[in-house]
Each structure stands twice: as structure tokens, then as C-alpha cells.
Amino acid sequence: MGQNNQPANKLEQILGERFGIEILNAMGIAIVVLDPNFNIIWANREYRKVQEKPEEDIVGKKCYEISFGHNRPCTVEACAVRRTLKTKKDSKGLKVIKRRGEEKQLDVYSFPLPGPRGKLSYVVEVIEDNTQLYKLVELCDRLTAFASHELKTPLATIYQLTTVLRQIDLPPEKRKVLFERIISRSQHGLKTVENFLIYSKIKAGELQITPKKVNLYRDVLERVLDFHKDYTLKKGMRFICDVPKDLEVICDADYVEVIYNNLLTNAIKYGEEDTEIFIGYGDKGDRYHYFSVASIGEPIPEEDREVIFKRYVTTRKDGSGIGLDVVRELITKHGGKIWVEPCYFLSGKCLSGETVSQEYKDKMKEGNNFVFTILKKLKEIQVSH
Amino acid sequence: MKPATKILVIDDDPDLVEALKIILETESYQVVSAFDGKEGLKKVKEENPHLIILDLLLPKEDGDVLCRELKGDPRYADIPILVLTAVAEKVDIKVFPEHKISSLPADDYVHKPIQPQDLLDRVKKLLARSKEGNEL
């Protein structure tokens, strides 16, 4: 094959002088060429995108003016270009610029571009906008810290109770109570670990459900309610469960238990003391079972009602941001949806916000009702997915 | 009979409160408890404790807020506060920056869990220091 038939040469023939420029413009990485006085000679399309400025506002201007609005160059320590000008060698650094109130974190690489007599004529600056990457690293750090804290709390208590049992002579009945507390706290620690394991399975795309016909009350709710019994009692709360005891649902009982555990943990944690938690069920005659967990407490603002189900989002300072994300994913696997709506409580009843008039709302206690659905015929999901 | 030294434990974990209570009662301290920041403040006013053991991550009002509030109030500023927390200074500061322990006006701080004897030694030391301060 002759040289003229090489693809690059063909492209050069088509694009002519624009060959190099078009290639640089097509790259998803910002490239800018500067002279030794920091004047911008040329910038590719991505650089203009990163700076959020048109070409005419960039070429001929000083780079520090464009990036930071400064009237003099940055320090050698802070600026990769200055280091390259000084050392005539490659250099790299991190640049943080602000656009429309948001910080952009840019990784910067600068390279010397010698002129005909070997003298440094230009510096090429290559810029990667890694804002999203840095945000993810920060979120990952945050999640790790939360996971450690969530595990440390039950472990610290278990250790504390164990040291008491080992070092202090206690009457047998007191010892029995403490042993039971250790068992209960261990179970809670295990549930926390379980949540993180499910979360990692979801992230890896490995979560599979095994739907079977179960008696929801006997096979799921009884266990869940028993598990949360101590904590509800300690807050003076009680469960009101409307789920029919003979209700049969096709679902993965283990994962529906995780759904209820997460929702009830939140209801107990953020619900008001000495109030009820309502566990409801509804059948609207359509393709879905409707389940709900409602509690009295500070209502979730309207603007947060959707975002709380998104990954890493928590509107509470003591939340990891994965609990409701796990819940949402598990419900999706069951062909259902989850949402939260405001609700009102009166004489042991939980009423939807839509059904209560303003006059009555003012006299009633407010709360949050988490409603989720599960397909009645779960086989339908297997077909549609 | 000399009245017992009263210690207020403020922590939202009832199991931990129970464990601390058992430890402290071995030295005949009288232990009262509160499970959130607001209840903690109420108990400080009602019970007038000789010492407070305080957790940081609390419902209703955080421990660091309560700690600053008490130390800033001349009526309670002399009550020694021992901060006992699961928030590890170096590990969790990104998540709980407001709980930077070293910037708190507490008299002592220690991480959960604590060895029973260590707790008793710290309590004894703080009470002795507080007594000396009151006698001056």
C-alpha cells in the first residue's frame, strides 16, 4: 500500500491546513498555547468550554486574566506554566477556577514548545476538567467515614457492655439483660453491613432477586417488627400495622425485609417520641400492591422529596445517603416505585395530605408517608426487564 | 450522710448509658441520664450535677452546641465536662467538621469505648480539679 493511501494522509488532503487544528478541536481535553508573556495565542474548543468564554474573549488575553480575573501572573508554586517557563521542562499542577458560583477543579499539564533555534517560544497547556472526579473522590471519602462511624457505634457499645460484664460483678438477671443487649446490637451492626453489601452489589450490577410467594406478615413483617421492638419502646413509639395477616405477595422476602428495615429505621430515628408508626397496605385494583410506612415528625420539604432517593444524597447530617438509594433499587427490582408524601395524623389514623382540608391540617400532627409498590405478578418484570 | 456525687450522662445510646451507669455506680456515684441535647440541658438545670459525661452526636441539640452553651453560662461553666464520643478526630472530621473535639471548651475528652478504670480515673481527676477550683 502506497504512502498516499495512509488514512492520516487522506484526512490531511481533505482537511488541508485545518488538519491539526480540527484534530485538536475534536479532543475532549482543553489545550491552550501561550507565549512567554502569558498571552494566549490559540485555544481549542474544549478550553473555551471550560472557561465558558468565546474565542474572541480569549485569544490575545493573559491566561491569568482569563482563568482568575487577576492582573498579574500566579506564583511559581501555583502555576505549572510559570514552572515550565522557568525550567523549560514539563510541569503539572491543579487549578481551581470559579464559574457561575461553582468551583471547577482542573488538572493542568504544561509542556515547553521550542522555537526554531531551540529557544523556548511557547508553552502548551493541557487542561483536564476533573471536577466530577474530585467530587466523586470526596463522596467516596465521605461514605467511607460514614460507614466507619455507623459500624463503630454498635461495636463501641458492644465492647463497652462486654467490658462491664467481664470486669464488674453483676447479679445474674442484670448479666442476662446485658447479654441480650449485646445480641441485639450485634444484629443491628450486621444489618448495617448488609446494607453496604447490597449497595456494593447494586453498584456492581450483580443484585438479583429471587421472587417466591410469601405471606408478607408472617415471613417478613413479624421478623422486622420484632427486630425494631426495643428501639420503638425506648422512644415511646408503637407500631400500628394494617397489613392483612393473610396477604400473599410474590417477592424476594429477604430484600423486602431490607426495604422495611431501612424505612422503619428512619421512621424511628426521625419520628417524634411517644407517637405511632403506621405500616399500611392498599390495593387499588391495579397491577400493584401498595405498602407504606408513615411516622409523625418534621415533614420533608417538597424540594427534597425526590432527591432523598438519589445516590449519596442525605438531607440529614447523620445519614449515609445510601439507605433510601438501596430501598429504591430493591423496589425497582420488584417492578415498583417509591415516593414520599406529606401526611396527617388523627386519633390513631394516618391520612394523606391530599385528603385533609387546610382547616384540619392546622389541628393535626404532620409527618411523612413513604409509599412503595410491588408488582402483583412479578413475572411481568422478568419479561419487561 | 454525705450526699453522693452526681454525674449526668448525656448520650442517645441507652445501652451505652446503661454500661456507663454500671461502671460509675461501682464507685457509688449517683448517675442521672439524658438522651438528647435538649433533655441534657433540662437535666443540668434540674439536677445540678457535679460532672457531665457528654456525647457529641445527639438528637435535638448536638453535644458540641450544648458544651459551648454550658461553658458560656456562668451558672454552669464550672461543671466539668468529659466528652465521650465515637467521632474520631482524624477520621470523621470531613463528615462532622463541627465536632472538631480539640476546639471544644470541654475539660477532657475520650473516644468510645472506654475501659471502666480509665473512665473512673478521669472522672475522679476532673472532680478533684473541680473541687480544688471551688475551694480557691
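Source: prediction; values computed, not measured.

A short note on the pairing of strand β12 (residues 349-352) of chain A
Residue and element names in this part refer to chain A. In the sheet, strand β11 (residues 338-346) pairs with β12 via four bridges, with the strands oriented antiparallel. Looking at β12, one finds that Leu 346 is bridged to Lys 349. A loop of two residues connects β11 with β12, the two strands running antiparallel in sequence, and Ser 347 in this loop sits at a positive phi of about 40°.

Focus: the interface of chain A and chain B
Taken together, the contact between chain A and chain B spans 25 residues of the former and 30 residues of the latter. Carbon and sulfur atoms make up 61% of the surface buried where chain A meets chain B, a total of about 2,300 Å² over both sides. At the boundary of chain A and chain B, one finds five salt bridges. With a closest N to O distance of 2.3 Å, Lys174(A) and Glu18(B) form a salt bridge. In this structure, the connection of chain A to chain B is made through eight residue pairs in polar contact (both at pLDDT 80 or more). Where the side of chain A that touches chain B is concerned, the elements lending two or more residues are α6 (131-167), α7 (172-203) and α8 (216-234) of chain A.

Description of the side chain of Asp15(B)
By the element assignment, Asp15(B) lies in helix α1 (residues 14-25). Here Asp15(B) falls in the buried class, since its relative accessible area comes to 5%. Non-local contacts of Asp15(B), meaning those with residues more than four positions away in its chain, are made with Thr157(A), Leu161(A), Arg181(A), Arg185(A), Tyr231(A) and Lys234(A).

Thoughts on the pattern of salt bridges
All names here are of chain A. Tallied over the entire structure, the rule returns 32 salt bridges over all chains. In this structure, Glu 125 engages Lys 95 in a salt bridge whose closest nitrogen and oxygen atoms are separated by 3.4 Å. Placement of the pair is Glu 125 in strand β5 (residues 120-129) and Lys 95 in strand β3 (residues 91-99), with a sequence separation of 30 residues. With relative accessibility at 10%, the residue Lys 95 sits in the buried group.

Things to note about the packing of α7(A) against α1(B)
Interhelical geometry of α7(A) versus α1(B) gives an angle of 145° and a closest axis separation of 11 Å. Where α7(A) crosses over α1(B), the handedness of that crossing is left-handed. Within the contact between the two elements, α7(A) uses Lys174(A), Leu178(A), Arg181(A) and Arg185(A) and α1(B) uses Asp15(B), Glu18(B) and Ile22(B).

As for the sheet that holds strand β10 (residues 288-296) of chain A
All names here are of chain A. Taken in spatial order, the six strands of this open sheet run β7-β9-β10-β13-β11-β12, and their pairing is mixed. The outermost strands of the open sheet, each flanked by one partner alone, are β7 (238-241) and β12. Direction aside, neighbouring strands of the sheet carry axes that sit 30° apart on average. Summarising the sheet, strand β9 (residues 276-282) and β10 pair through six bridges and their orientation is antiparallel. In the strand pairing of β10, Gly 280 is matched with Ser 292. Strand contacts of helix α9 (residues 253-270): β7, β9, β10, β11 and β13 (365-375), with the helix running at about 20° to β10, the strand carrying the most contacts.

Cut-off values and rules
- Residues numbered from 1 in each chain as written.
- Chains lettered and ligands numbered in written order.
- Predicted model: local features only at pLDDT ≥ 70, side-chain atom pairs only at ≥ 80, totals over all residues.
- Heavy atoms only, no water.
- Pairing = 2+ DSSP bridges.
- Helix = DSSP H or I, 4+ residues; strand = E, 2+ residues; numbered from the N terminus.
- Contact = heavy atoms within 4.5 Å.
- Buried area = accessible area lost by both parts, 1.4 Å probe.
- Salt bridge = Lys/Arg side-chain N within 4 Å of Asp/Glu carboxyl O.
- Polar contact = N/O pair within 3.5 Å; in protein donor to acceptor, adjacent residues only side chain to side chain.
- Buried < 20%, exposed > 50% of the residue type's maximum accessible area, 1.4 Å probe, protein only.
- Axes fitted to C-alpha atoms, helices over the stretch in contact; angles between N-to-C directions.
- Left-handed = near helix turned anticlockwise from the far one by under 90°.

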